[in-house]
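Listed here are the chains, written in short residue letters.
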Amino acid sequence: MANVNPNALDPRTRLLLEAPIVPTLLRLAAPNVLIMLAQSCAGLIETFFVGKLGTDALAGMALVFPVVMLMQTVSAGAFGGAMASTIARALGSGRRRDADTLVLHSLAIAVGMGLLFMVAVLAGGRGLFNLMGARGGALKAALIYADLVFGGAVLVWVFNSLAAVIRGTGNMALPAIVTCVGTLALIPLSPLLIFGWGRMPPLGIAGGAVALLAYYLLGSVALAAYLCSSNSLLRPSFASIRFRWTLFRDILRLGLVGAISAAATNLTIGITTALVAGFGTAAIAGYGTASRLEYLLIPLVFGLGSPLVAIVGTSMGAGLHERALRATWIGAAIAITMTETIGLLATAFPSAWLMLFNHDPAMVAAGTQYLHAVGPLYGFFGLGLILYFASQGAGRLLWPALGNVVRLAVAAVGGWLALRWGGGLLQVFIAQGVALVIYGLINASAVAGGAWFGPIGWPRPTSILLHRVRLNYATQDTKVA
């Protein structure tokens, strides 16, 4: 290991650097996939019960959902991944004190970003939902739900940041346990608040939002208690904290670039929702419900990507470039298999998913068109997304961000042109599918072309790529000497 004494590292850090990749990745991913499935189920539980309130309520939630997922993906994926990556690289290079200090820097960023999201949505939500085509009962439901959820945005950010710093140490189990317990609590809590019981009045769609915020509050308390315990690898301390711009910069540099990528993903869904709005409320509900399956893929790949961030980040910090790349391509193969399987099942049996939430024939028809057009291409989405997480671990996010921006452009412009040239819903959804293919191929070409180590070249096998990297390093050392 480069510049690191292995004996000075914690056994949990050495595991990331020395253990066989496949069993280590799968063992760490298993609880993390569970946590992400549980977190997705939290949203699906809400959707299931809100769907019982009618099509307007379901459409209102569909309008808010891209904005909620933007906050989730930015807090858990972009900034959360940046926090985990920064801590993993600090531990991999033996900078234990920096790793401890990064915990409180992460929390400071979480509070600031949570307040930013809260102000932005409370002030601009009505205008945004109007632009997305919301009218009447759907707009009313969207505003009620959004005002409550984003009023508690800081709770969402703190929860995801605490979970991220714990995952950065290689501990995937604790966040999984906290999330699963919270999700189980939502099963009785959501319908209780939405529909009421006994003397408790029904809160309607607002009840789902209140239940979700309770989940994030109690989960944050549990994660913070672990970090303050003797079982935690990290030892954050308010008594000795001195905020340092260099540590903020390490997180913000990755987090802000990752946020561009996350924003592009959610803008793609939001713009497509606006294009679909011209076909009516049922079409919005159908597309929103069907595209939730894509949002389900994000946390599934995130569950695999979080340990990959830890392995790649720790390996890069220790100078083990070959191990980092091998872990990346193994993770990519798993992600493609997982997402493509789900996509093909959704293509074959679209009603099995859509009718979980509503039986409106127009809603089911619109959602079916989306799944038939995009479902078979979900493997490319899995490829692009897992390489985003690997690149996050390596501290190199430029190309994944560009890939997502290109995806946004293709989906938005392609969908707009489809309508302008007389196309319908199917043509709008085909544009989204093409955008997923381009996204996956750009990210794969960037990693295979050496974007982690300098200027990108033609994609090549790992052995040839690393040989080129070693030659570059040798040339730089010669110039310095």
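To be clear, the structure that these remarks concern was listed above.
One numbering rule holds for all chains: residues counted from 1, following each sequence as written. Local features in this predicted model are restricted to residues of pLDDT 70 or higher, and side-chain atom pairs are both shown and tallied only at a pLDDT of 80 or more, whereas totals for entire chains, interfaces and linings draw on every residue. With hydrogens and water excluded, all non-hydrogen atoms of the structure serve as input to the side-chain values.

## Remarks on the overall build of the chain
Then step 1. Secondary structure counts use DSSP, requiring at least four H or I residues in a row for a helix and at least two E residues in a row for a strand, with both numbered from the N terminus. Looking only at helices and strands, one finds 17 helices and zero strands in the chain.
Then step 2. Two things to know: the radius of gyration comes from C-alpha atoms, and the globule rule equals 2.2 Å times the number of residues to the power 0.38. In terms of overall dimensions, the chain is globule-like: its C-alpha atoms have a radius of gyration of 22 Å, near the 23 Å expected for 481 residues.
Then step 3. Each principal axis of the C-alpha distribution contributes one length, and for the chain these read about 70 × 55 × 40 Å.
Then step 4. Only protein chains enter the accessibility calculation, which uses a 1.4 Å probe; a residue whose area is less than 20% of its type maximum is buried, one above 50% is exposed, and one in between is partly exposed. Considering the chain as a whole, with its 481 residues, one finds that 58% of them fall into the buried category.
Then step 5. Note on areas: Shrake-Rupley, 1.4 Å probe, and residue coverage restricted to the protein chains presented here. About 18600 Å² of surface is accessible on the chain, with carbon and sulfur atoms providing 70% of the total.
Then step 6. Counted charges follow a simple rule, with Lys and Arg positive, Asp and Glu negative, and His plus the chain ends left uncounted. By convention, the charge on Lys lies at NZ, on Arg at CZ, on Asp at CG and on Glu at CD. Computed over 28 positive and 13 negative side-chain charges, the separation of the two mean positions in the chain equals 5 Å.

## Points about the nonpolar core
Then step 1. Nine residue types can take part in a nonpolar core, namely buried Ala, Val, Leu, Ile, Met, Phe, Trp, Tyr and Cys, and a core is a set of them joined through side-chain atoms within 4.5 Å. Core analysis: the biggest nonpolar cluster contains 144 residues, and Phe79, Phe129, Tyr145, Phe150, Phe429 and Trp452 have the highest contact counts within it.
Then step 2. The element contributing the most residues to this core is helix α3 (residues 55-92), with 22 residues.

## Observations regarding a nonpolar patch on the surface
Then step 1. A cluster of nonpolar side chains, Ile144, Leu148, Leu203 and Val210, forms an exposed patch at the surface whose accessible area comes to about 270 Å².
Then step 2. On the secondary structure map, Ile144 appears in helix α5 (residues 136-151).
Then step 3. We classify Ile144 as partly exposed; its relative accessible area is 34%. Each patch is built from salt-bridge-free residues with over 30% relative accessible area, joining like charges within 9 Å and nonpolar side chains (Val, Leu, Ile, Met, Phe, Trp, Tyr) within 5 Å. Whenever Lys or Arg places a side-chain nitrogen within 4 Å of a carboxyl oxygen from Asp or Glu, that contact is recorded as a salt bridge.

## Side note on the environment of Ser315
Then step 1. Turning to its location among the elements, Ser315 is positioned in helix α10 (residues 281-317).
Then step 2. Residues Ser315 and Arg14, 301 residues apart in the sequence, show an inter-C-alpha distance of 9.8 Å.
Then step 3. We call two residues in contact whenever any of their non-hydrogen atoms come within 4.5 Å of each other. For Ser315, the residues in contact, after removing those within four places along its chain, are Leu16, Leu17, Leu320, Arg323 and Ala324.

## Quick notes on the packing of helix α4 (residues 96-131) against helix α9 (residues 245-276)
Then step 1. Where α4 contacts α9, the axes come no closer than 12 Å and their chain directions differ by 25 degrees. By the criterion of interaxial angle, the relationship of α4 to α9 is roughly parallel. Here the hand of the crossing between α4 and α9 comes out right-handed. Where α4 abuts α9, its residues Asp98, Thr101, Leu102, His105, Ser106, Ala108, Ile109 and Leu131 lie against Leu247, Phe248, Ile251, Leu252 and Ala274.
Then step 2. The residue inventory of the contact of α4 with α9, partitioned by class, reads nine nonpolar, three polar and one charged. Under this scheme, a helix contributes an axis fitted over its contacting stretch, all axes are lines through C-alpha atoms, and angles between N-to-C directions fall in the 0 to 180 degree range. In this scheme, roughly parallel covers angles under 35 degrees and roughly antiparallel covers those over 145, while 65 to 115 is roughly perpendicular and the rest are oblique. Crossings are sorted by hand: turned counterclockwise from the far helix by less than a right angle, the near helix makes the crossing left-handed, and turned clockwise it makes it right-handed. Residues are grouped as follows: Ala, Val, Leu, Ile, Met, Phe, Trp, Tyr, Cys and Pro are nonpolar; Asp, Glu, Lys and Arg are charged; all remaining types, including Gly, are polar.

## Quick word on the environment of Trp157
Then step 1. Relative to the assigned elements, Trp157 resides in helix α6 (residues 153-167).
Then step 2. C-alpha separation for the pair Trp157 and Pro188, spaced 31 residues apart in sequence, amounts to 24 Å.
Then step 3. Discounting residues that sit within four places of it in the chain, Trp157 has contacts with Met71, Val74, Ser75, Phe79, Ala110, Met113, Gly114 and Phe117.

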